[in-house]
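Descriptive structure summary
Okay, here's what each chain looks like letter by letter:
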Amino acid sequence: MTTRAASWQPLSPGERSVAIEVLVHGPLSRTDLARRLDLSAGSLTRLTKPLIESGLLVEVPDGGSPAEVRQGRPSQPLDVVVESRTFVGFKVTEDMVYGVVTTLRSEIVARLDRPLTTHDPAEVADLLAEMTGELTARFPTLTGIGIGVGGLVQDRAVVGESPFLQWRDVPLAQLVEERTGLPVVVENDVAALVEAETWFGAGRGLDRFVVLTIGAGIGYGLVLGGKRVAYAEEDRGFGRHWILNPNGPLTPAGERGSAVSLLTIPSIRYQIQAATGLDLTYDEILVRAAAGEPMPSRVIDEAARALGALVAQIANFVLPQKILLAGEGVGLIDVAGKTVDDTLRAHRHPLAAPLDVETKVSDFHDWARGAAVLAIQVLVLGVAEV
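Nothing here was measured: the structure is a model prediction, and the numbers come from that model. (Residues numbered from 1 in each chain as written. Predicted model: local features only at pLDDT ≥ 70, side-chain atom pairs only at ≥ 80, totals over all residues. Heavy atoms only, no water.)

Side note on the pairing of strand β14 (residues 218-224)
- For β14, a buried count of six out of seven residues is recorded, marking the element as mostly surrounded by other parts of the structure.
- Connecting strand β13 (residues 208-214) to the next strand, β14, in antiparallel fashion are three residues.
- As paired elements, β14 and strand β15 (residues 227-228) share two bridges and run antiparallel to each other. Bridged to V223 within β15 is R228.
- The antiparallel pairing of β14 with β15 creates a hairpin that spans two residues between the two strands, and G225 there sits at a positive phi of about 65°. (Buried < 20%, exposed > 50% of the residue type's maximum accessible area, 1.4 Å probe, protein only. Helix = DSSP H or I, 4+ residues; strand = E, 2+ residues; numbered from the N terminus. Pairing = 2+ DSSP bridges.)

Structure follows, in structure tokens:
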């Protein structure tokens, strides 16, 4: 199915700076905006005029406070028109596609999920196009598509390698663009989540920020100077090479004592099955650990100590203002949070400043939202590298 792409004019670097500042921190008065961007009143007027004319920005009521006076006339704060453009974000897992529609400020306004019964790239693209068509019928302002995939993504277009999908060198952006008529951005799913949290979530306004995700794998994202640090090894086994306990458990692949073997959901389930013969879900393991069953308690306690040590090591080297723990695996903190905290303190200097750790048990729609944020950044604002 082919849909009609929304149209917009590319932003100049100056317009982009204004749009991003208002999008992330707005609504802002012109005085505040000029101060933040170190612009004269005349330069700001020149940059904001086309943004207002295009419908991206709008003057809004200021809540009843006295109007700002500039050159003898009142001026209202500027804000983005959040419904002027909407975006589709997809998170592709091994057996499901999770989809969301977001506003320009990344609020989720719709969800749509479908089972993934094949990993054939063309058929996956067909499914994504079908889902996009359903959503376009409801949201005619759709501007673009973001897709998050667990794996190595090149040029925000090609899935170079995805162990979950058994893909190599799949031009996913091109395949979906051909079927939908909408521009597409593809990115590693952890990178997309980090961008969303940096712009609109736990890391907004922070200079140094870390996202650590626990689920089917271990994901890591570092933000310095308010921008995500991209690196060549992204999603190439970060946790497999971070050894937390050289005498720790083995994964099915034979790794001993790594963050992956100690913390990921498949490894925790594998340990329980190897020890007890029971094929339990992760939630069932947590429930049994909370109830004091010996083997689940032992495995979850070991995982909690590993998490505390990992967070402490990251904090000691990166010195972040905040660490966000996200993903479907961080539920272990509800069961063994004290062990995590005790281990974290034991691995830091006694006089170290308290570490701000935020926990977010993310569902896959949060990951899909992250992909939509990538589409906002790249397709509307023209942010080539973030």
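Further notes follow.
A word on the sheet that holds strand β9 (residues 152-154)
- Taken together, the three strands give an open sheet; going across it, the order is β9-β10-β11, and neighbouring strands pair in antiparallel fashion. Looking at strand neighbours, the two that pair on one side only are β9 and β11 (167-170), the edges of this open sheet. Averaged over all neighbouring strand pairs, the angle between strand axes comes to 15°, with direction disregarded.
- Pairing analysis gives three bridges linking strand β10 (residues 158-162) to β11, with the strands arranged antiparallel. (Axes fitted to C-alpha atoms, helices over the stretch in contact; angles between N-to-C directions.)

Remarks on the packing of aromatic side chains
- Per the counting criterion, the structure on display carries two aromatic pairs.
- The residue whose ring lies beneath K91 is W367, and the NZ or CZ to ring-centre distance is 5.2 Å. (Phe/Tyr/Trp six-rings, centres within 6.5 Å; stacked < 30°, edge-to-face > 60°. Lys NZ or Arg CZ within 6 Å of the ring centre and 35° of its normal.)

As for the side chain of E187
- Among the secondary structure elements, E187 is positioned in strand β12 (residues 184-188).
- At a separation of 3.1 Å, a polar atom in the side chain of E187 contacts the side chain of R156.
- Contacts of E187, omitting those with residues within four sequence positions, involve I147, G148, V149, V153, R156, A192, R228 and L374. (Polar contact = N/O pair within 3.5 Å; in protein donor to acceptor, adjacent residues only side chain to side chain. Contact = heavy atoms within 4.5 Å.)

Details of the pairing of β10
- Bridging between β9 and β10 involves three bridges; their strand directions are antiparallel. Within β10, the position partnered with Q154 by the bridge is V158.
- Connecting the antiparallel pair β9 and β10 is a turn made up of three residues, with D155 showing a positive phi of about 55°.
- Connecting the antiparallel pair β10 and β11 is a turn made up of four residues, with Q166 showing a positive phi of about 55°.

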